[in-house]
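Secondary and tertiary structure notes
Given next are the chains, with one letter for each unit.
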Amino acid sequence: MKMISPSLLSADFGQLQRDIEMLNASECDWLHVDVMDGMFVPNISFGQPVVKHIKKHARKPLDVHLMIMDPGRYVADFQAAGADILTVHYEACTHLDRVLHSIKDHGMQCGVVLNPHTPVALLEDTVALCDVVLLMSVNPGFGGQQFIDNTYNKVRQLKQICNRRNASCLIEVDGGVNLRNAPLLYEAGADVLVAGNAVFGSSDPMRTIHEMKQ
Ligand code: DX5
Ligand code: ZN
């Protein structure tokens, strides 16, 4: 699959409705929503009240990426705010299995996120439960960072684990994705690419989304 999930972190927060409407009209598949708590990552973005407003205007599924400590505490809140896909960091959960079940029990699709330093082998016993596995290709916290090349290996390794475990989860990649590395990521086995700066920093975001999907 070749899907795009543009990251609203790079949108103009003063014109959020305008930018969401542009994405509604584009060929993108999901809207990527980055929630940061200033603890798990060094940056603070926004929380449930803003997600609720995004939901009001979005005509596509909200792919909510929680960069917060102990995210199990907020599963019900983000469901109420309108998340369709809720992804949590492996590194932020003591009881990951419980959190993933809780997300499913709340009617959302669930996913695990791995930081660049976390080996995909740790997901052997988890992939079958996941709708999505999100591989960070930068250290999370900020948009506009440089893509880490080892991500290609991780995508291929994860694909092997999924095949071995008969798991059908989508493989998503987040951070530093652009028009140059997108085709290589799809070729390695990625299904969904998150793109913030590459989309919102371009002179024609809708065209960039179209080209990324080719
Ligand atoms: C980083 C976030 C990303 C970020 C991607 O912590 O999780 O979703 O917004 O932005 P770009 O594509 O600019 O690296
Ligand atoms: Zn993200």
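This text goes with the structure placed above it.
Residues numbered from 1 in each chain as written. Chains lettered and ligands numbered in written order. Predicted model: local features only at pLDDT ≥ 70, side-chain atom pairs only at ≥ 80, totals over all residues. Heavy atoms only, no water.

Moving on, we get to the pattern of salt bridges. Applying the stated criterion across every chain yields a total of nine salt bridges. Of the charged contacts in the structure, one is a salt bridge between Arg18 and Asp19, with a shortest N-O distance of 3.1 Å. Taking the relative accessible area as the measure of exposure, Arg18 reaches 46% and is therefore partly exposed. A salt bridge links Asp29 to Lys213, with the shortest nitrogen-to-oxygen separation between them at 2.7 Å. In this pair, Asp29 sits in the loop between helix H1 (16-25) and strand S2 (31-36) while Lys213 sits in the segment after helix H8 (205-212), placing the two residues 184 residues apart along the sequence. Overall, the relative accessible area of 22% leaves Asp29 in the partly exposed class. A network of salt bridges, in which partner residues are shared, links Glu124, Asp125, Arg164 and Arg165. (Salt bridge = Lys/Arg side-chain N within 4 Å of Asp/Glu carboxyl O. Buried < 20%, exposed > 50% of the residue type's maximum accessible area, 1.4 Å probe, protein only. Helix = DSSP H or I, 4+ residues; strand = E, 2+ residues; numbered from the N terminus.)

On to the environment of Phe142. Looking at where Phe142 falls in the secondary structure, it is placed in the loop between strand S6 (132-136) and helix H5 (151-164). Sequence separation of Phe142 and Pro42 is 100 residues, and the distance between their C-alpha atoms is 8.7 Å. Contacts of Phe142, omitting those with residues within four sequence positions, involve Leu9, Met36, Pro42 and Asn43. (Contact = heavy atoms within 4.5 Å.)

Let us now look at the site of ligand 1. Near ligand 1, the surroundings consist of 20 residues, among which Asp34, Gly141, Gly144, Asp174 and Gly196 are the closest. Contact distances for ligand 1 include 2.7 Å between an oxygen atom and a backbone N or O atom of Gly141. Between ligand 1 and the protein, one listed contact pairs an oxygen atom with a backbone N or O atom of Gly196 at 2.8 Å. Expressed as a share of its isolated accessible area of 380 Å², the protein-covered part of ligand 1 is 99%. If you list the elements that add at least two residues to the shell around ligand 1, you get S2, strand S3 (62-67) and strand S8 (192-195). (Near = heavy atom within 4 Å. Polar contact = N/O pair within 3.5 Å; in protein donor to acceptor, adjacent residues only side chain to side chain. Areas by Shrake-Rupley, 256 points an atom, 1.4 Å probe, with all protein chains shown as cover.)

Let us now look at the environment of Leu9. Within the secondary structure layout, Leu9 lies in the loop between strand S1 (3-6) and H1. In this structure Leu9 comes out as partly exposed when scored by relative accessible area, which is 21%. Put simply, Leu9 and Pro42 are 33 residues apart on the chain and 15 Å apart in space, counted from C-alpha to C-alpha. Setting aside its immediate chain neighbours within four residues, Leu9 contacts Asp34, Met36, Ser45, Phe142 and Gly143.

Read from one edge of the open sheet, eight strands run S1-S8-S7-S6-S5-S4-S3-S2, paired in parallel fashion. On the outer flanks of this sheet lie S1 and S2, each paired with one strand and no other. Between one strand and the next, the sheet's axes are offset by a mean angle of 25 degrees, whatever the strand orientation. In the packing of helix H4 (residues 96-105) onto the sheet, contacts are made with strand S4 (85-89) and strand S5 (109-114), and the angle to S5 comes to roughly 145 degrees. (Pairing = 2+ DSSP bridges. Axes fitted to C-alpha atoms, helices over the stretch in contact; angles between N-to-C directions.)

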